[in-house]
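One-letter residues, chain by chain:
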Amino acid sequence: MSKPQDGFVSRFLNRPISRRITAFLLKFPIRPNGWTVSIFVLPLIAGAFLVRGDYVSVVIGAAIFQVFSILDGCDGEIARAKNLESKFGERLDYFCDFAASLVYVLALGLGLHRSSEGIVCAVLITANELFLRVNRSKMAVASSPLNDSFYARHHAMIGHSGLLKLGERSVWWLFQLTKRDMAILVFLMLALLDLADWILNLWTMVAGASLLVSAIAVVKAINDGGNVVTREPPP
């Protein structure tokens with residue numbers, strides 16, 4: 001029930017837990033889209049804790065987001081088990097993950113009395129997602145032996161941005177270390193260490209770097225007329 005796009009945390013922590021939960025859920029007439037919508041209450045509850053800003057509340061909020069990250073894998077597992085996979089379900093899950101990220105940074109910004117940084121981070125996240133959508137809808141997909149490790153919305157960005165000049169393995173590691181599942185767990189650890197400020201700092205830096213790469217990809221795609229530069233595996 002796992003996916004090739006799963007990061008380290010999803011593969012070795014989240015999936016082993018979510019698969020057990022999914023095995024239980026399959027005993028009931030639960031549909032994947034219904035599960036996606038129902039668990040979105042968790043980011044809202046987490047946000048209510050994060051806006052309080054004190055140590056205990058931030059830890060609880062970050063922990064609830066980690067629970068959400070685990071349960072978020074169940075909808076896809078249910079869909080694959082019941083053969084109910086759909087483009088709408090994929091888009092719904094993507095939108096809920098995106099909205100949850102905005103709730104996280106905005107609520108934490110308010111709680112830490114750094115609302116301006118939270119807003120900046122939210123804007124960067126939104127702008128990056130918009131650029132990724134442009135890449136996915138108007139650009140050719142880059143060919144790579146590691147394509148299966150990336151979501152479709154990242155293929156053209158990788159191909160056009162020049163990241164492949166770093167080597168496919170380096171790009172793979174870069175994405176693994178910045179995947180959402182990894183970030184959510186790291187943020188929980190930072191909250192436990194009373195370093196909540198670092199959560200906003202890191203998220204803002206990663207979102208800004210991602211936006212820069214996505215913007216470069218869009219500009220190069222326009223200049224190249226949609227031709228993707230690929231890196232073939234060594235013979």
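Shown above is the structure to which this text applies.
The structure presented is a predicted model; accordingly, all values stated were derived computationally and were not measured.

The subject of this paragraph is the overall build of the chain. Summing up its helical and strand segments, the chain has ten helices and zero strands in all. The helix and strand sequence of the chain, counted from the amino end, reads α-α-α-α-α-α-α-α-α-α. Out of the 235 residues in the chain, the part that is buried amounts to 48%. Summarising the internal contacts of the chain: among those between residues at least 6 apart in sequence, 72% fall at separations of at least 24. When the accessible area of the chain is evaluated, it comes to approximately 12,000 Å², of which 67% is carbon and sulfur surface.

On to unusual backbone geometry, then. The phi dihedral of histidine 113 is positive, around 60°, even though this residue is not glycine. Secondary-structure assignment places histidine 113 in the loop between helix 5 (87-111) and helix 6 (115-138). In the Ramachandran plot, aspartate 194 falls in the positive-phi region, its phi being about 60° despite a non-glycine side chain. The class for aspartate 194 is exposed, based on a relative accessible area of 54%.

It is worth spelling out the nonpolar core at this point. Within the largest apolar cluster, 42 residues are counted, with the highest numbers of intra-cluster contacts made by Tyr104, Leu108, Ile125, Ile199 and Trp203. At the level of secondary structure, the elements contributing two or more residues to this core comprise helix 3 (41-50), helix 4 (55-81), helix 5, helix 6, helix 9 (180-192) and helix 10 (196-224). Not counting the four nearest positions on each side in its chain, isoleucine 199 is found in contact with Tyr104, Leu108, Phe187, Leu190 and Ala191.

So, on to helix 3. Within helix 3 the residues assigned to the buried category are Leu42, Pro43, Ala46, Gly47 and Leu50. Projected onto a plane normal to the axis of helix 3, the buried residues spread over an arc of 135° and lie on a single side. Looking at the buried side of helix 3, the elements it contacts are helix 4 and helix 5.

On to the environment of tryptophan 203, then. When you line up the elements, tryptophan 203 lands in helix 10. Among residues more than four places away in sequence, those in contact with tryptophan 203 are Ser101, Tyr104, Val105, Cys121, Ile125 and Phe187.

With that settled, consider helix 4. Between the first and last C-alpha of helix 4 there are 40 Å, a value that for 27 residues agrees with the 39 Å anticipated at 1.5 Å per step. Extensive coverage of helix 4 is indicated by the burial of 20 of its 27 residues. Positive phi appears at asparagine 83, one or two residues downstream of helix 4, with a value of about 55°.

What follows is about the packing of aromatic side chains. Per the counting criterion, the structure on display carries five aromatic pairs. Relative to phenylalanine 187, the ring of tyrosine 104 lies with its centre 6.0 Å away and its plane at 70°, an arrangement referred to as edge-to-face. Note that tyrosine 104 is positioned in helix 5 and phenylalanine 187 in helix 9, a separation of 83 residues in sequence. Of the two residues, tyrosine 104 and phenylalanine 187, neither departs from the other in class, the shared state being buried. Following the ring pairs from residue to residue traces out a cluster consisting of Phe65, Tyr104, Phe187 and Trp203.

Where helix 3 contacts helix 4, the axes come no closer than 7 Å and their chain directions differ by 165°. When the axis of helix 3 is compared with that of helix 4, the two are roughly antiparallel. Along this stretch, helix 3 crosses helix 4, giving a crossing that reads as left-handed. Between helix 3 and helix 4, the residues in contact are Leu42, Pro43, Ile45, Ala46, Gly47, Phe49 and Leu50 and Ser57, Val58, Ile60, Gly61, Ala62, Ile64, Phe65, Val67, Phe68 and Leu71, respectively. Looking at the contact of helix 3 with helix 4 residue by residue, the class counts come to 14 nonpolar, three polar and no charged.

To continue, consider a nonpolar patch on the surface. A cluster of nonpolar residues, Tyr55, Val56, Ile60 and Leu192, forms a patch on the protein surface that exposes about 350 Å² of accessible area. When residues of the nonpolar patch are assigned to their parent elements, the largest contribution, three residues, is made by helix 4. By the element assignment, isoleucine 60 lies in helix 4.

Right, let's get into the pattern of salt bridges. Scanning the model with the defined rule gives five salt bridges in all. In this structure, glutamate 90 engages lysine 87 in a salt bridge whose closest nitrogen and oxygen atoms are separated by 3.9 Å. You can see glutamate 90 and its partner lysine 87 sitting in helix 5, three residues apart, about one turn around the helix. With a relative accessible area of 45%, glutamate 90 lands in the partly exposed category. We classify lysine 87 as exposed; its relative accessible area is 59%. Here glutamate 117 makes a salt bridge to arginine 114, at a shortest N to O gap of 2.1 Å. Look at arginine 114 and you get partly exposed, because its relative accessible area is 21%. Three or more residues are tied together by salt bridges with common partners; here these are Arg114, Glu117 and Asp197.

Calculation criteria
Residues numbered from 1 in each chain as written. Predicted model: local features only at pLDDT ≥ 70, side-chain atom pairs only at ≥ 80, totals over all residues. Heavy atoms only, no water. Helix = DSSP H or I, 4+ residues; strand = E, 2+ residues; numbered from the N terminus. Buried < 20%, exposed > 50% of the residue type's maximum accessible area, 1.4 Å probe, protein only. Contact = heavy atoms within 4.5 Å. Areas by Shrake-Rupley, 256 points an atom, 1.4 Å probe, with all protein chains shown as cover. Core = buried A, V, L, I, M, F, W, Y, C linked by side-chain atoms within 4.5 Å. Arc of directions from axis to C-beta. Expected span 1.5 Å × (residues − 1). Phe/Tyr/Trp six-rings, centres within 6.5 Å; stacked < 30°, edge-to-face > 60°. Axes fitted to C-alpha atoms, helices over the stretch in contact; angles between N-to-C directions. Parallel < 35°, antiparallel > 145°, perpendicular 65-115°, else oblique. Left-handed = near helix turned anticlockwise from the far one by under 90°. Nonpolar A, V, L, I, M, F, W, Y, C, P; charged D, E, K, R; others polar. Patch = residues over 30% accessible without salt bridge, like charges linked within 9 Å, V, L, I, M, F, W, Y side chains within 5 Å. Salt bridge = Lys/Arg side-chain N within 4 Å of Asp/Glu carboxyl O.

In short, the description is geometric, and any link to function would need to be established separately.
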